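Listed below, chain by chain, are the residues.
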Amino acid sequence: MSEYAIICEGLTKQFGQIIAVNSINLKIKKGTIYGILGPNGSGKSTLIHMLCGVLPQTSGYGSVLGYDIRKDPEKIKQRIGYMSQKFSLYLELTVLENLQFYGEVYGIKKDKLKERIKHLVEITGLSDRLNQRSGTLSGGWKQRLALCCALLHEPDFLILDEPTAGVDPVSRRIFWDIIQSLREKEVTVLVTTHYMDEALICDEIGFIYFGRLLVNGKPNEILKQHHVETLDELFIKLVKQEEASSIFQKGSV
Ligand SMILES: Nc1ncnc2c1ncn2[C@@H]1O[C@H](COP(=O)(O)OP(=O)(O)OP(=O)(O)O)[C@@H](O)[C@H]1O
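All of these numbers come straight from a predicted model, not from anything done at the bench. (Residues numbered from 1 in each chain as written. Predicted model: local features only at pLDDT ≥ 70, side-chain atom pairs only at ≥ 80, totals over all residues.)

1. Quick look at the nonpolar core
Membership of the largest hydrophobic core comes to 62 residues, with the highest contact counts inside it found for L51, C148, I159 and V189. The element best represented in this core is helix α5 (residues 139-151), accounting for eight residues. Discounting chain neighbours no more than four positions away, the residues touching C148 are L99, L120, V121, T124 and L126. (Core = buried A, V, L, I, M, F, W, Y, C linked by C-beta atoms within 7 Å. Buried ≥ 20, exposed ≤ 12 C-beta atoms within 10 Å, placed from the backbone. Helix = DSSP H or I, 4+ residues; strand = E, 2+ residues; numbered from the N terminus. Contact = placed C-beta atoms within 7 Å.)

Structure (structure tokens):
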């Protein structure tokens, strides 16, 4: 059994002329939180979609929980929980109805589902809102419900695509407390974020720029290696370096 939940070797995705993900090599240990950072359009979602088994790669290799993303996408889908950037639950259904619906889609038995819903609404603070129509929840509460749905079937690998974008600080804190508690259960978490305070909580982070993984490792070690105090500082420095080298390359042709 591998100690890694995720392995990418030269993983690449091309859309016509655009290389959205460019030969990424990455290993994520089981039971850890890995944060992906990078500007808009840098390839984060494309990488995630490949790892979910919903977007075939152009070249390279990827495995999730030991399953090849090209050969076994269906097995991967059963073992992962995914929360997308956009709220994708049914707005006209209540909180409870959404949870019951997703539980049935995952094929969770009635008694188990009841137990899971009780546990998840308790830890996310949704217990008092079970009968509220989901469309009337504010942004932070909608995200808590989406997290509950992604965790219902006890996935071994949880993918969160910008889960806290536009969410208030209290909801963000609750969110991250839950994410961190998953470490104890050996759940591997892959999360994209633009918030540097969230990145510092992750066990390891990667910074993607134009589809390439420029930096990868433990946040504090990365800061030391690059002689910077904050991740913001580092990422601005990296982007400037990359821009300067692309201008240099264009100029030298
Ligand atoms: N289906 C597609 N067809 C063509 N180009 C695409 C497709 N999906 C993504 N791209 C392009 O691939 C690149 C990477 O996009 P991607 O959505 O993965 O970035 P991202 O880092 O997730 O961005 P954001 O932070 O805005 O969500 C972009 O140039 C985007 O326009």
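2. A closer look at the UniProt feature "domain: ABC transporter" (unreviewed entry) in the chain
Here the UniProt feature "domain: ABC transporter" (unreviewed entry) sits at residues 6-235. Strand forms 27% of residues 6-235 and helix 37%; the C-alpha atoms that close the span are 24 Å apart. (UniProt positions renumbered as here; feature names shortened; annotations may be inferred.)

3. Brief notes about the sheet that holds strand β9 (residues 204-209)
Strand order across the open sheet formed by six strands is β6-β7-β8-β3-β9-β10, with mixed pairing between neighbours. The sheet is open, and its two edges are formed by β6 (80-83) and β10 (212-217), each paired on a single side. Taken pair by pair, the neighbouring strands of this sheet meet at an average axis angle of 15°, ignoring direction. Where strand β3 (residues 33-37) meets strand β8 (residues 188-192), four bridges bridge the pair, whose relative direction is parallel. In the strand pairing of β8, I33 is matched with V189. (Pairing = 2+ DSSP bridges. Axes fitted to C-alpha atoms, helices over the stretch in contact; angles between N-to-C directions.)

4. Details of the site of the ligand
Close to the ligand lie F15, I18, A20, G38, N40, G41, S42, G43, K44, S45 and T46, which account for all nearby residues. Those elements that place two or more of their residues in the shell around the ligand are β2 (18-29) and α1 (44-51). With three residues, the top contributor of residues to the shell around the ligand is α1. Of the residues that constitute the shell around the ligand, the class distribution is three nonpolar, seven polar and one charged. (Near = placed C-beta within 6 Å. Nonpolar A, V, L, I, M, F, W, Y, C, P; charged D, E, K, R; others polar.)

5. Some words on the packing of helix α4 (residues 110-124) against α5
With their axes 10 Å apart at the nearest point, α4 and α5 run at an angle of 145° to one another. Crossing handedness for the pair α4 and α5: right-handed. Here L120, V121 and T124 of α4 come into contact with α5, specifically with R144, L147, C148 and L151. Partitioned by chemical class, the residues of the contact of α4 with α5 number five nonpolar, one polar and one charged. (Left-handed = near helix turned anticlockwise from the far one by under 90°.)

6. Some remarks on unusual backbone geometry
Even without being glycine, E186 reaches a positive phi, approximately 65°. Its location among the elements puts E186 in the loop between α6 (169-181) and β8. A residue is classified by how many C-beta atoms lie within 10 Å of it, and E186, with 11 of them, is exposed. Here F210, not a glycine, exhibits a phi torsion of approximately 45°, which is positive. Looking at the element boundaries, F210 is found in the loop between β9 and β10.

7. Here's the deal with the pairing of strand β7 (residues 157-161)
Summarising burial for β7: five of the five residues are buried, a large majority. As paired elements, β6 and β7 share four bridges and run parallel to each other. By the bridge assignment for β7, G81 is matched with L158. Relative to β8, β7 is paired through five bridges, and the arrangement is parallel. When the bridges of β8 are listed, I159 appears paired with L190. Between the parallel elements β7 and β8, the chain passes through α6 in a crossover that is right-handed. (Right-handed = clockwise from strand over helix to strand, strands pointing away.)

8. What about the sheet that holds β2?
The strand order β2-β1-β4-β5 describes an open sheet built from four strands, whose pairing is antiparallel. On the outer flanks of this sheet lie β2 and β5 (67-68), each paired with one strand and no other. Sheet analysis places strand β1 (residues 4-15) next to strand β4 (residues 59-64), joined by five bridges and oriented antiparallel. By the bridge assignment for β4, C8 is matched with G62. Contacts from α1 reach β1, β2 and β4, with the element oriented near 60° to β2.

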